[in-house]
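A closer look at the structure
What follows is each chain in one-letter form.
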Amino acid sequence: MAEHEHVRVAVVGSGFGGLGAAVRLRREGITDFVVLERAGSVGGTWRDNSYPGCACDVPSHLYSFSFAPNPDWPRTFSGQRHIRAYLEHVADTFGLRPHLRFDAEVKRMTWDAERLRWQIETGRGKLTADVVVSATGPLSDPKIPDIPGLDTFPGKVFHSARWDHDYDLAGKRVAMIGTGASAIQIVPSIQPVVGRLTLFQRTPAWVMPRVDRAIGPAERALHRAMPLTARLRRGLLWGIRELQVQAFTKHPEELGLVERLARRNMARAIKDPALRAKLTPDYRIGCKRILLSNDYYPALARPNVDVVGGLAEVRGSTLVAADGSEAEVDAIVFGTGFHVTDMPIAERVVGADGRTLAETWKDGMQALRGASAAGFPNWMTIIGPNTGLGNSSMILMIESQLNYMADYLRQLDVLGGRAALDARPEAVRAWNDRVQERMKRTVWNTGGCTSWYLDAAGRNTTVWPGTTSEFRRATRRVDLMEYRVLRPPAGASSEAGAEAEADTAKTGVTA
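Predicted model, so just to flag it, every value in this text is computed and none were measured.

1. Notes on the overall build of the chain
Per the secondary structure count, the chain includes 15 helices and 20 strands. Its C-alpha atoms give the chain a radius of gyration of 24 Å, near enough to 24 Å, the size a compact globule of 511 residues would have. For the chain, the C-alpha atoms occupy an extent of roughly 75 × 55 × 45 Å along the three principal directions. Evaluated residue by residue, the chain yields a buried proportion of 55% over its 511 residues.

2. With respect to the confidence of the model for the chain
Averaged over every residue, the pLDDT of the chain is 94; the share at 70 or more is 95%. Predicted confidence for residues 494-498 stays below pLDDT 50, and this span has three contacts to residues more than four positions away or in other chains.

3. Quick look at the pairing of strand β16 (residues 331-334)
Residues A331 and V333 line one face of β16 and the alternating positions I332 and F334 line the opposite face, and both faces are buried. Relative to β16, strand β7 (residues 156-159) runs parallel, the two being bridged by four bridges. The residue of β16 that forms the bridge with H159 is F334. Summarising the sheet, strand β8 (residues 173-177) and β16 pair through four bridges and their orientation is parallel. In the strand pairing of β16, A175 is matched with I332.

4. A few points about the nonpolar core
Ranked by internal contacts, the top residues of the largest apolar core, which has 106 residues, are F16 and L300. With eleven residues, the top contributor of residues to this core is helix α11 (residues 394-415).

5. A short note on unusual backbone geometry
Across residues other than glycine, the phi torsion is negative in most instances, and most of the peptide bonds are trans. Even without being glycine, R369 reaches a positive phi, approximately 55°. You can see R369 is positioned in the loop between α10 (357-360) and β18 (379-381). For R369, a relative accessible area of 13% gives the class buried. Even without being a glycine, N386 presents a positive backbone phi close to 55°.

6. Some remarks on the state of the cysteines
For the structure shown, the criterion picks out one disulfide. Note that C287 is cross-linked by a disulfide to C449, the S-S spacing being 2.0 Å. The sign of the S-S torsion, about -90°, decides the handedness of the disulfide formed by C287 and C449: left-handed. Here C449 lies in the loop between α13 (443-446) and α14 (468-474) and C287 lies in the loop between α8 (273-279) and β11 (291-292), a separation of 162 residues in the sequence. The pair formed by C287 and C449 is uniform in burial state, with each residue classed as buried. No disulfide involves C54; its nearest neighbouring cysteine sulfur is the one of C56, lying 8.8 Å away. Note on C56: relative accessible area 4%, which makes it buried.

7. Observations regarding the sheet that holds β16
Strand pairs in the sheet, formed through backbone hydrogen bonds, run parallel or antiparallel to each other. If you walk across this open sheet you meet the five strands as β7-β16-β8-β9-β12, and the pairing is parallel. Of all strands in the sheet, those bounded by a partner on one side alone are β7 and β12 (305-309). Taking the axes of each pair of neighbouring strands and ignoring which way they run, one obtains an average angle of 20° across the sheet.

8. Quick notes on a positive patch on the surface
A cluster of like positive charges, contributed by R260, R264, R268 and K271, occupies part of the molecular surface. One can find R268 in helix α7 (residues 256-269). The class of R268 is exposed, set by a relative accessible area of 55%.

9. Examining the sheet that holds strand β15 (residues 326-328)
The strand order β13-β14-β15 describes an open sheet built from three strands, whose pairing is antiparallel. The open sheet has two edge strands with one neighbour each: β13 (311-315) and β15. Across the sheet, the mean angle from the axis of one strand to that of its neighbour is 25°, orientation sign disregarded. Sheet analysis places strand β14 (residues 318-321) next to β15, joined by three bridges and oriented antiparallel.

Cut-offs and rules
- Residues numbered from 1 in each chain as written.
- Predicted model: local features only at pLDDT ≥ 70, side-chain atom pairs only at ≥ 80, totals over all residues.
- Heavy atoms only, no water.
- Helix = DSSP H or I, 4+ residues; strand = E, 2+ residues; numbered from the N terminus.
- Rg over C-alpha atoms; globule rule 2.2 N^0.38 Å.
- Buried < 20%, exposed > 50% of the residue type's maximum accessible area, 1.4 Å probe, protein only.
- pLDDT = per-residue confidence, 0-100.
- Contact = heavy atoms within 4.5 Å.
- Pairing = 2+ DSSP bridges.
- Core = buried A, V, L, I, M, F, W, Y, C linked by side-chain atoms within 4.5 Å.
- Disulfide = S-S within 2.5 Å.
- Axes fitted to C-alpha atoms, helices over the stretch in contact; angles between N-to-C directions.
- Patch = residues over 30% accessible without salt bridge, like charges linked within 9 Å, V, L, I, M, F, W, Y side chains within 5 Å.
- Areas by Shrake-Rupley, 256 points an atom, 1.4 Å probe, with all protein chains shown as cover.
- Salt bridge = Lys/Arg side-chain N within 4 Å of Asp/Glu carboxyl O.
- Lys, Arg positive; Asp, Glu negative; His and termini not counted.
- Charge placed at Lys NZ, Arg CZ, Asp CG, Glu CD.

Here you go:
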């Protein structure tokens, strides 16, 4: 980066959220921006998660940008390799490469109240920005639980999001820790090659069949020749999921039928009553994300697989489960999720009052319309608090937030001169109170489980308790009544004023 580089917008992260923000900025006529990426390529979670069997549990034509349809998805549910290739294609197609700054991990972002800009320290140097769009995503920093004795284990240890492809699992005794979305893909992928696989299960998951198939050449050719057919397909997939939302958010009792179908799915593959009892959840289906797999249960029924309780202790190469079971293993694979409600990036963002975002959120994450935190002017987050989904595509939510981001920047233009917007604390509280009130009836809060949707205090600060249509309407426009308009303080240094004039002359944009 150039010394003292200044940009109008700094985007942090180059996954779906970051690349989507970059495309939207260009479509709004804004070219004075950079995308700061800590790794050496784009892709976000779809770059980092390359474990065996990694794939999406949302249909391909819905798990892609509406403005960048892909008629050539090879399967109805695409794998990691194809999704990552899609994101590389987006970066190329929309001319994003000149804006990308790789190996530029953000170390610190500090609000400069005098100059109304963000001072950003990265692994490649420093820069300043009028606006920051944080698109680091909630599934970016792996979480490994604090297990007594783990540091004594002499074998190989890695997280599913940091898969060691140089380590050969063939014939090894392997422990898989966790039963989430990653684990149910890893288990059937490695079961045929390992010597013995021990699944340490704290809580069983509800698993439904995965209706996956190859998309043939004729079908792909039709989507290329007649793009309307792909849009109709996407619309149908979206509509079905919109109709499901009420069962999750207002009438969890309606999920009983789905629960019965999940039990039948298990019974077809698991004939052993004891194993079936061990794999049957004691909470309402949907409380945790419903997982999709056709080969998870068959893999667990194989003779080289054991299912035991959650991992409680490590004694050298011996792993001890909560139920007292012991297993000698050569390698441990953690499929234990990510830092979602305690994202590390929050510790690196310093707001107007000198507090970090982590300190501001110590009693629970909350942001106005999932985007703006009080005390952090001209800072927005993509996939922020209470924007997650339990049954549909996060790309829909990302695009809604991009609409909000675009209008945010337009409002700054309308205000003219040096200006910043800071979400009013009362507006943030009012939004959060409405969201939390609606959350009380949802299956995520009433279903009787403990999930990564909940923070340490048991608050659901991650999921959106409504339809994607509702969220799109709520983020269509920025309401200036919900923000304080900040101007440079009286008596601001002449140096700050000169810098502001120079920035305006350089970019041709008054922010």
